[in-house]
Amino acid sequence: MSLAERMKLFEQAAQAASVGTPIKTQGVKRNWGVTRGPSVADTIKQISANDPSLVHVDLSNAAAFQCKPEEYAHQLASALKNNKHVKELKLENCSIGDKEAEILAESLMSNTCIQHLDLQKNHINNDGGSALAKGLSRNRSLLSIDLMSQGKTRWGDKTLDDFLEMFQHNITLLKINWRLESRKSFALNKMITRNNEIDRRRKLNMHFDDLLPASLRPAPADGGAAEPIHQLPAGKGGDEPMFDCPEEGKENYPAPMLQSSREPSPGILGGIPSSPASPMTAPLNSRPPSHDMH
């Protein structure tokens, strides 16, 4: 490319900057001079200020977050603790490791509004996974979490046991998107299916106390049979609000339908093992020996 051609490109870039529109050079789209969106720091400030206009937050592939993941994880976790408006948080490919996962897990213990968390394509290993499980055990708003593509991570039995323990306290998480190579996937599959059934019955104002884990079943006041959970006063489980978001921010999530076909469906968790007594029998919507589950 000659000097004159280069000068012409710079002139085009300057003109584009003055009008705020992108230009094309040699078939490649370049956004020279176009105003960028808010920075990671500015977005976190909005979250901390509880800005009602900020409902969906996408910091995926943010170079600033990738350079300082721990610093921004601390700031983000602090901002999320008391936020009442953010329903979806996407942190795909943000160089989040175990330490950052532990930081974010702490915010899940107190946040009562976020419903979808995307952590795919990071570097979370078993320690970070266990921390997330412990955070989710005290969370009542998150409906789905995406943990796909965590480098070379293979979720170990200890981490999966922590998730199984989490389900003894959490009845609201409806979907986990991850790849498992463990027979514990059958037990986790069962817990996800249970939560989806509880969600379905709750929306229909039906009894679901028979599905509750032992830790959440109300103790009878007179030593008799346990009182149906949906008849309990607010604050004891049945009538307590599921979310603490504004009314207009709530979404109606229909109960998932289990497929009758045994054709594999990657990324789906929600099937039921056809025969618990047969360890070699794969659950519906699974793919042996690896299970993509949510």
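To keep things clear, this report deals only with the structure shown in the data block. Given the structure is predicted, the values throughout are model-derived calculations rather than measurements.

Cut-offs and rules
Residues numbered from 1 in each chain as written. Predicted model: local features only at pLDDT ≥ 70, side-chain atom pairs only at ≥ 80, totals over all residues. Heavy atoms only, no water. Helix = DSSP H or I, 4+ residues; strand = E, 2+ residues; numbered from the N terminus. Buried < 20%, exposed > 50% of the residue type's maximum accessible area, 1.4 Å probe, protein only. Contact = heavy atoms within 4.5 Å. Areas by Shrake-Rupley, 256 points an atom, 1.4 Å probe, with all protein chains shown as cover. Phe/Tyr/Trp six-rings, centres within 6.5 Å; stacked < 30°, edge-to-face > 60°. Pairing = 2+ DSSP bridges. Right-handed = clockwise from strand over helix to strand, strands pointing away. 1 Å grid on protein atoms, 1.4 Å probe; cavity = no way out; pocket = protein on both sides within 12 Å on 5 of 7 lines; lining within 4 Å. Points joined across faces, edges and corners; volume = space filled by probe spheres on them. Nonpolar A, V, L, I, M, F, W, Y, C, P; charged D, E, K, R; others polar. Salt bridge = Lys/Arg side-chain N within 4 Å of Asp/Glu carboxyl O.

1. Comments concerning the overall build of the protein
- On a plain count of helices and strands, the protein comes out with eight helices and eight strands.
- In the protein, which comprises 294 residues, the share counted as buried stands at 44%.
- Taking all contacts inside the protein whose residues are at least 6 apart in sequence as the whole, residues at least 24 apart take part in 71%.
- Working note: accessible area of the protein is about 15800 Å², and carbon and sulfur atoms make up 52% of it.

2. Examining the packing of aromatic side chains
- With the rule as written, the count across this model stands at three aromatic pairs.
- Ring plane angle 35° and centroid distance 5.8 Å describe the contact between Phe 65 and Tyr 72, whose orientation is recorded as tilted. No difference in accessibility class separates Phe 65 from Tyr 72, as the two residues are buried.
- For the ring pair Trp 155 and Trp 178, a centre distance of 5.9 Å and an interplane angle of 50° mean the geometry is tilted. Here Trp 155, found in the loop between β6 (144–146) and α7 (157–166), pairs with Trp 178, found in strand β7 (residues 175–180); they are 23 residues apart in sequence, far enough to count as distant. Trp 178 matches Trp 155 in its accessibility class, with the two residues each being buried.
- Put simply, the rings of Trp 155, Phe 163 and Trp 178 touch in pairs and so form one group of aromatic residues.

3. Notes on the pairing of β7
- The sheet contact formed by β6 and β7 spans three bridges and is parallel. The partner of Ser 144 across the bridge, within β7, is Lys 175.
- Assessed by its sense of winding, the connection that carries the chain from β6 through α7 to β7 is right-handed.

4. Notes on the environment of Cys 67
- Assignment of secondary structure puts Cys 67 in helix α3 (residues 63–67).
- For Cys 67, a relative accessible area of 66% gives the class exposed.
- On a C-alpha basis, the gap between Cys 67 and Ser 95 in space is 8.0 Å, while along the polypeptide they are 28 residues apart.

5. Some points on empty space enclosed by the protein
- Overall, the coordinates contain two cavities of 30 Å³ or more when judged by the stated rule.
- Counted as a void, the largest cavity has a volume near 60 Å³.
- Every residue along the wall of the largest cavity is listed here: Leu 80, Leu 89, Leu 91, Leu 104, Ser 107, Leu 108, Asn 111, Ile 114 and Leu 117.
- Per-class residue counts for the lining of the largest cavity are seven nonpolar, two polar and no charged.

6. What about the pattern of salt bridges?
- The final tally for this structure, using the stated rule, is nine salt bridges.
- Between Arg 154 and Glu 181 there is a salt bridge, with the nearest N and O atoms lying 3.9 Å from each other. Remark: Glu 181 occurs in the loop between β7 and α8 (184–203) and Arg 154 occurs in the loop between β6 and α7; sequence separation between them is 27 residues.
- Judged by its relative accessible area of 52%, Arg 154 is exposed.
- Here Glu 181 falls in the partly exposed class, since its relative accessible area comes to 43%.
- For Lys 184, the salt bridge is made with Asp 161, and the minimal N-O distance between the two is 3.0 Å. On the criterion of sequence distance, the pair formed by Lys 184 in helix α8 and Asp 161 in helix α7 is long-range, its members being 23 residues apart.
- Taking relative accessible area as the criterion, Lys 184 reaches 24% and is therefore assigned partly exposed.
- Residue Asp 161 is classed as partly exposed on the basis of its relative accessible area, which comes to 34%.
- Within this structure, Glu 197, Arg 200, Arg 201 and Asp 210 form a network of salt bridges that share partners.

Don't take any of this as a statement about function, it's just geometry.
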